[in-house]
Amino acid sequence: MRPATAATRFLESLWIPEGPKAGQSVKLAPFQKRFVGGALAPDVSMAVMSIARGNGKTALSAGLALGALLGVWDSQPRREVVIAARTRDQGRIAFEFAAGFARSLPDDRQAQLRFRRSPRLEIEFEGAGGPHYLRVIAADGKSALGLAPTMALMDERGHWPLDRGDELEQALLSGLGKRGGRALIISTSAPDDAHPFSRWIDEPLPGVYVQEHRPPPGLPADDLASLKLANPGARHGIGASVEWLQAQARRAIARGGSTLSSFRLLNRNERVSGEARDVLLTVDQWLACEVSELPPPEGPMVIGIDLGGSASMSAAAFYWPKTGRLECLGTFPHKPGLLERGQADGVAGRYVEMAERGELSVLGGRTVPVAPWLGEVMSRVEGQTVSALVMDRYKQAELGEAIQQAGIRAPLVWRGMGFKDGGEDCERFRRLVFDGRVKSRPSLLLRSAFADAVVLRDPAGNMKLAKARSLGRIDAVAATVLAVSEGMRRTARSAPKGRALLWV
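A brief report on the enclosed structure follows. Please read these numbers as outputs of a predicted model, since none were measured by experiment.

Regarding the overall build of the chain
From N to C terminus, the chain includes 18 helices and 17 strands. For the chain, the spread of C-alpha atoms along the principal axes amounts to about 110 × 45 × 40 Å. Sequence separation of at least 24 residues holds for 69% of the intrachain contacts in the chain that already meet a minimum separation of 6. Accessible surface, the chain as shown: approximately 22,600 Å² in total, 52% of it carbon and sulfur. Taken together, the 67 basic and 55 acidic charged side chains of the chain have centroids lying 2 Å from each other.

Structural notes on the environment of Leu266
With respect to the element layout, Leu266 can be found in helix H10 (residues 257–266). With 75 residues separating them along the chain, Leu266 and Pro191 place their C-alpha atoms 9.8 Å apart. Filtering out sequence-adjacent residues up to four positions away, Leu266 remains in contact with Ala52, Arg53 and Thr188.

A look at empty space enclosed by the protein
Within the structure shown, the criterion is met by 2 cavities of 30 Å³ or more. When its volume is computed, the second largest cavity comes out at roughly 50 Å³. For the lining of the second largest cavity, the elements supplying multiple residues, two or more each, are helix H16 (419–434), strand E17 (463–467) and helix H18 (475–492). Ranked by residue count, the leading element in the lining of the second largest cavity is H16, at 3 residues. Looking at the lining of the second largest cavity, its residues break down into 5 nonpolar, 1 polar and 2 charged.

As for the pattern of salt bridges
Counting across every chain of the model gives 28 salt bridges. A salt bridge links Glu212 to Arg271; the shortest N-O distance between them is 3.5 Å. Pair noted here: Glu212 is in strand E8 (residues 208–212) and Arg271 is in the loop between H10 and helix H11 (283–287), with a separation of 59 residues, a long-range link. A residue is classified by how much of its surface remains accessible, and Arg271, at 13% relative accessible area, is buried. Close ionic contact of Glu486 with Arg489 constitutes a salt bridge, the shortest N to O distance being 2.8 Å.

Observations regarding the nonpolar core
Phe35 and Leu64 are the most contacted members of the largest nonpolar core, which has 49 residues in total. In terms of residue count, the dominant contributor to this core is helix H3 (residues 57–70) (8 residues). Other than its neighbours up to four places away in sequence, Phe35 contacts Ala47, Val48, Met49, Leu60, Leu64, Ile186, Tyr209 and Gln211. If you look at the next biggest cluster of nonpolar residues, it comprises 44 residues, including Cys289, Met354, Ala476 and Leu482.

What counts as what
Residues numbered from 1 in each chain as written. Predicted model: local features only at pLDDT ≥ 70, side-chain atom pairs only at ≥ 80, totals over all residues. Heavy atoms only, no water. Helix = DSSP H or I, 4+ residues; strand = E, 2+ residues; numbered from the N terminus. Contact = heavy atoms within 4.5 Å. Areas by Shrake-Rupley, 256 points an atom, 1.4 Å probe, with all protein chains shown as cover. Lys, Arg positive; Asp, Glu negative; His and termini not counted. Charge placed at Lys NZ, Arg CZ, Asp CG, Glu CD. 1 Å grid on protein atoms, 1.4 Å probe; cavity = no way out; pocket = protein on both sides within 12 Å on 5 of 7 lines; lining within 4 Å. Points joined across faces, edges and corners; volume = space filled by probe spheres on them. Nonpolar A, V, L, I, M, F, W, Y, C, P; charged D, E, K, R; others polar. Salt bridge = Lys/Arg side-chain N within 4 Å of Asp/Glu carboxyl O. Buried < 20%, exposed > 50% of the residue type's maximum accessible area, 1.4 Å probe, protein only. Core = buried A, V, L, I, M, F, W, Y, C linked by side-chain atoms within 4.5 Å.

In structure tokens:
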């Protein structure tokens, strides 16, 4: 019998141990059967599933762990099954599910099981070729050293601590290789594309089965079709109902902030930060700025410049204060290519997609030449009245030389990016966003940059822009904040009355 068939029959022979349907037979939903079939296929050594909270992830993991312990599809002697979780308390949930499922086994099988809850959570099975063990460990790589599991289940891998989580994952994968074991990774989405769990999905390797239930980005939180996509169990009576999810979505929209971000991460399975950190703008606050048709480029404009490092992105933002029109352009050097750079930054093919949308360009060899790049920036707004070119004073010397070489004639404004100038600029930018005076086309460049942009605060409450992750690119946000805040200052200044004084 095929392993997937044996596993499905075993799971559906169990009883549900808790919840409204406790005591009823387990009935796998189609998406669960598809995962079991893919995970236990002959040529698969690792299976990854990303799905929203409340869709039976932990219960499915526990059922598969119990089946692996009993040798339902694997008859190796002295089997060892490991359930790895972020903390011991989180692992206890899977352990209790496995213990609950075990109560629906025949009496003779139950008599062969020994349950231990101290010093570690463990089930011992005295079957043929035994003893066999099922153990729960926390996300500490040292706790996995010396193990040789026949199956390892990584629960909520997308939310393990990065350093210890990577260490544990590598320890488990190396241990699985000793006995030809399988790894099952089941989790809600990680907060960003750079997380190792996201990379397993975006860059699948041979022998890796991937099943992802994640809606496209940019949709309203209460969008019905995408809620059903992220929560396939809802239509089969698993977890929350669709009505409850929509009600929670509306509550999250009303509250906004970290409540809405957490709902998108956990209940919609989107890759957004669910932490209650001080972000510059939430995903939904920025999406409110995106319009299908831009207002006309009327009146004087302001250009914000953020010059990247020797080999990183440089960005320019164009803002028309009179109409609120905003455009943004990012630029990378040619080497390495956009695809290779995206893989190194943990965003896969996102840079290539930005270039195809006209939001990202390439210039120069291994660095972006400053003077030619500024010339290209100014050529995009030829014929427009440039009221100011706003730049970071930290690179004043380099930018000043390039402006002179490019022959640019425009008023120059130098701003700091620390708490003094940065606090004022960030606050002015947020004020204009909330007042609906910033309008942009849907921009993958800006969406990506705002997802990585957070603010740091000093004891007095002043803020400055910072990256949420080391590989994040927030250059487009920095240029946008400079341009929009300067546009607000120029609009707020009253026009001079009467003639200026003349000194003779």
